[in-house]
Amino acid sequence: MKRKDFPPAPKPATPNKPWPGAPGAPPQDQLPPRKVWLMFAIALLVNYLVMKTYFPGADTPVTIPYTVFKQEVAKGNVKSIYSQGEILEGSFASPLTWPPPSQGREDAAARVLPGAPPPAPSRSARVFKTTLPAFVDPGLEQFLIGHRVEISAESPQARGALGTLLFGFGPALLLIGFYFWLYRRAAQQGGGLGGSLFGIGQSKARRYDQERAERVTFDDVAGIDEAKNELVEIVDFLKDPGKYTRLGGAAPKGVLLIGSPGTGKTLLAKAVAGEAGVPFFSMSAAEFVEMIVGVGAARVRDLFRQAREHAPAIIFIDELDSIGRARGQLALGGASEQEQTLNQILTEMDGFSSREGIIVLAATNQPDVLDKALLRPGRFDRRVVVNLPDKNGREAILGVHVRKVPLAKDASLAELAAATPGLSGADLRNLVNEAALLAARREQAGVRQKDFMDALEKIVLGPERPILLSEADRERIACHESGHAILGLVVAGADPVHRVTIVPRGQALGVTYQRPQTDRYNYPEAYLRARIVGMLGGRVAEELVYGTRTTGAENDIEQATELARNMVTRWGMSDELGMVQLAPRQSPYLGGRLAFGADRPFSDETARRVDLAVQGIIGDCHAEATRLLRLHRRELDALARALLARETLDEKEILSVTGLPPAPALEARPLPAQAAS
Ligand SMILES: Nc1ncnc2c1ncn2[C@@H]1O[C@H](COP(=O)(O)OP(=O)(O)OP(=O)(O)O)[C@@H](O)[C@H]1O
Ligand SMILES: [Zn+2]
C-alpha cells in the first residue's frame, strides 16, 4: 500500500503533447501515412501499366493445341515463332482469346461432372505456346514460310537491353523516384518524413507559423507572471530589433527557462513568438542526437539556418540538459556525439549577431547539470525561473483552460485551486480535460464541482483498479488505512484527512488522502514528525489488531525513511549530528532526486551516526503511533468496520463515524497534500 505526497506532483498521461487542435498543437503538415501508401500503390500501378503497354511479350503465353496453331498460321495471325525442342513459342499479330468464350461456358456446365478438371479461364493473349506432335509434320517449315511467319532463334519473351533494364530495375527506379519526390516535398515543408529518410542531417524542427497554427499569446499563459514579465522585453526586441541595437547595445541572444515539468516553459516560449508575431522553430534537444555521429551538429546547423532565413524568429530548444550536460561528465557512449552537438550550438550562438533578430529560448529542469559554457555571456546568459503556480496562479490557469468548457453553477475554480497544491499548469489542464470528459460521460450540460473533484482524485490517486481481493485482504487494508486516518485526526499538526478508501487505485490497495488548507513553503520539525507518525500508522494498526506484519507498508516505510533522512542530513534536525550539511542540496527541479555526481562528503563513522539518527526518529515516531492508536483503538475499529461496509468515506463521514474532532493545530500549519495508503 502506498502513501503519496503531493510534490512531486503526479505526471499527467501526456504532459507536453498538446492534443491535436489544441493551442500550440503542431500544424499537421506532414503527409499522413495513409496518403503515403496510396501514392505508393499508384506508383506500382503505373509501373505495371507501362510494362503492359510497351512490352506485351511480357504476357504469360497461352497454351494452345497444335491444330489451333496451324489454323492461326493459315489465317496469317502468327507473326513469329521460336522453337526449342518440341515446345514452340510465338506471338500473334492480333491477340487471340483462348479458350474461345463459348467453350468456356460449356466447360462451366461440364464442371458439375465429378472428376472433371476445372477448365482454364479463357483470356486474350499476344504470345502463345504449343507442343509439336511426336510425329514429324513434314512441310511445316514451308507452310510457315509461306504464311510469312518469322522464324527466329530468340524467344519473344526475351527483351531488348532497355526492356531488361526496365524490368529489372523499373520498380526499383520508380520507388527511388517516389521517395525522392516525397523527400523534396517534405523538405519544402521543413522537415518531416523525408528528413528521416534522406535528410538525416536536417533538423526536424517544427515551425509554427503564427498565422497557421492557433496563435499563442500571453493571454494563454497564466499564474506565472514573474516569468512572463521578464520576457516582455524579449517580445519588444523581436518586434523591432533595430531599436535595441541602434546605440550599440547587445540584445539578448539566449534565455534559459528553468522550471519543473509542465510549468509552461514551452507555452511561454510560444507565447513570446506569438506576441512578437515571429515564426517559432522548436526542437527537443533529445532529437538532435541520433545513433550516427555528426548528425546532431548537422541538425543544429540546419535549425539555425532555417531560423536565419525567417528572422526575426525564435528558436526553442526543449530539454536542453539532454545535450547540455557538462562535457566530460557524460554517460558512456554517445558522449562525443553530444559534445559535438553542444559545440555546434555554442558556435552557432556565437556566430549570429544580435542584430539578426534571432533569440534562442531553451528549457530545462536541471540547470545545475548544464555545461558552464552554455551559461556564459552571449549565450544563455539570462535565466528565467518558472515556478509551480501558487493558489491564485492555479485559479488563473484553471480560468484559461475552462474558457471553452461550459461550467455548472456550483463549479468553483477558487475552491479547486485550493485543493490542488503542487499541481503544475499541465496537470491543471489535464484536470480540466478529465473533468469535462467525465461530465460528458455523465451526460451533463456543464461541468460540476463534483466532476472536478472526481477527476482530481483520479489524477492524484490513479484510476480505480478492478482487482478482486479476498475478504481477509480487505479487512487488512481497512485496518491499515484506518490507522493512517485516525492518526491524521489525533496527531497535532496533521493535515486534514479528506478521504479514505479501500478501493484499489493506481499502485495502491487503499488510500488515505490528506491535504493542507494552504500552500506551504516552510515546514516546522513538529509537522514533519507528525507526518512520519501518520505514515507509520498503517503498519502500527496492523500490529495492534493482528499482531503480524504484511508487505503493505513498503511505500510508507520508503517515504518515512526519506523524510527522516532529510531531517538529519539537510535540515539539521538531529541533536546528535547538529547543523551540518550531510547531503548535497537537492535540486528543487529534480523532484527530490540527488544532483548529478553527488558524492558522500563525510566519513564512514558519520554515515553510521546518520543511520542511527534516522532510525532514532523512525523509532520515536513508531512508539508515538502505537501509543496514540492504543488510546483510540475503539475509533480505529469503528472506522475499519465502516470502510469495509462503505469502501470510501469522505471527511464528514470520517468525523461522524469516529466521533473525533479534526486534528488540533500546530503553532503554524505546514506543507502540501499527501495521500497515504
Ligand atoms: N502557466 C500556464 N498557463 C496556462 N496553461 C499552462 C501553464 N502551464 C502549463 N500549461 C498547460 O500545460 C501544457 C504543457 O505545458 P508546457 O509543455 O509548456 O510545459 P513545460 O514546462 O514545457 O513542460 P516540460 O518541462 O515537461 O517540457 C501547456 O500546453 C498548457 O496547456
Ligand atoms: Zn499505508
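Residues numbered from 1 in each chain as written. Chains lettered and ligands numbered in written order. Predicted model: local features only at pLDDT ≥ 70, side-chain atom pairs only at ≥ 80, totals over all residues.

Let's talk about the UniProt feature "binding site: ATP" (unreviewed entry) in the protein
Here's step 1: Mapped onto this numbering, the UniProt entry gives "binding site: ATP" (unreviewed entry) at G259, S260, P261, G262, T263, G264, K265 and T266.
Here's step 2: With respect to the element layout, P261 can be found in the loop between β8 (254-258) and α9 (265-276). (UniProt positions renumbered as here; feature names shortened; annotations may be inferred. Helix = DSSP H or I, 4+ residues; strand = E, 2+ residues; numbered from the N terminus.)

Considering the packing of helix α19 (residues 525-546) against helix α21 (residues 604-631)
Here's step 1: It is the contact of α19 with α21, at a shortest axis distance of 8 Å, that shows an interaxial angle of 60°. Comparing the axis directions of α19 and α21 gives the class oblique. Crossing handedness for the pair α19 and α21: right-handed. Residues R529, I532, V533, L536, G537, V540, A541 and L544 of α19 form the contact with α21, whose own contacting residues are I617, I618, C621, H622, E624, A625, T626, L629 and R630.
Here's step 2: Looking at the contact of α19 with α21 residue by residue, the class counts come to 11 nonpolar, three polar and three charged. (Axes fitted to C-alpha atoms, helices over the stretch in contact; angles between N-to-C directions. Parallel < 35°, antiparallel > 145°, perpendicular 65-115°, else oblique. Left-handed = near helix turned anticlockwise from the far one by under 90°. Contact = placed C-beta atoms within 7 Å. Nonpolar A, V, L, I, M, F, W, Y, C, P; charged D, E, K, R; others polar.)

Here we look at the nonpolar core
Here's step 1: Formed by 124 residues in total, the largest nonpolar core has its most connected members in L257, L268, V272, I314, I315, L361 and I532.
Here's step 2: When residues in this core are grouped by element, the largest group, 10 residues, is from α19.
Here's step 3: Each residue touching I314, except ones within four places of it in the same chain, is listed here: A269, V272, A273, V278, F280, F281, I359 and L361.
Here's step 4: Among the nonpolar cores identified, the runner-up in size contains 10 residues, and F92, W98, F128 and V149 belong to it. (Core = buried A, V, L, I, M, F, W, Y, C linked by C-beta atoms within 7 Å. Buried ≥ 20, exposed ≤ 12 C-beta atoms within 10 Å, placed from the backbone.)

Side note on the site of ligand 1
Here's step 1: Around ligand 1, the surrounding shell holds 24 residues, and the nearest of these are P261, G264, T266, G425 and A426.
Here's step 2: Residue assignment for the shell around ligand 1 shows that the elements contributing at least two residues are α9, α14 (391-401) and α16 (425-441).
Here's step 3: In the shell around ligand 1, the residues fall into 11 nonpolar, 10 polar and three charged.
Here's step 4: Two domains each put at least three residues into the shell around ligand 1: domain 3 (195-385) and domain 4 (390-461). (Near = placed C-beta within 6 Å. Domains from an automatic or database assignment.)

Focus on the pairing of strand β5 (residues 123-131)
Here's step 1: Pairing geometry for strand β2 (residues 62-63) and β5, over two bridges, is parallel. Bridging from a neighbouring strand, T63 pairs with K129 of β5. (Pairing = 2+ DSSP bridges.)

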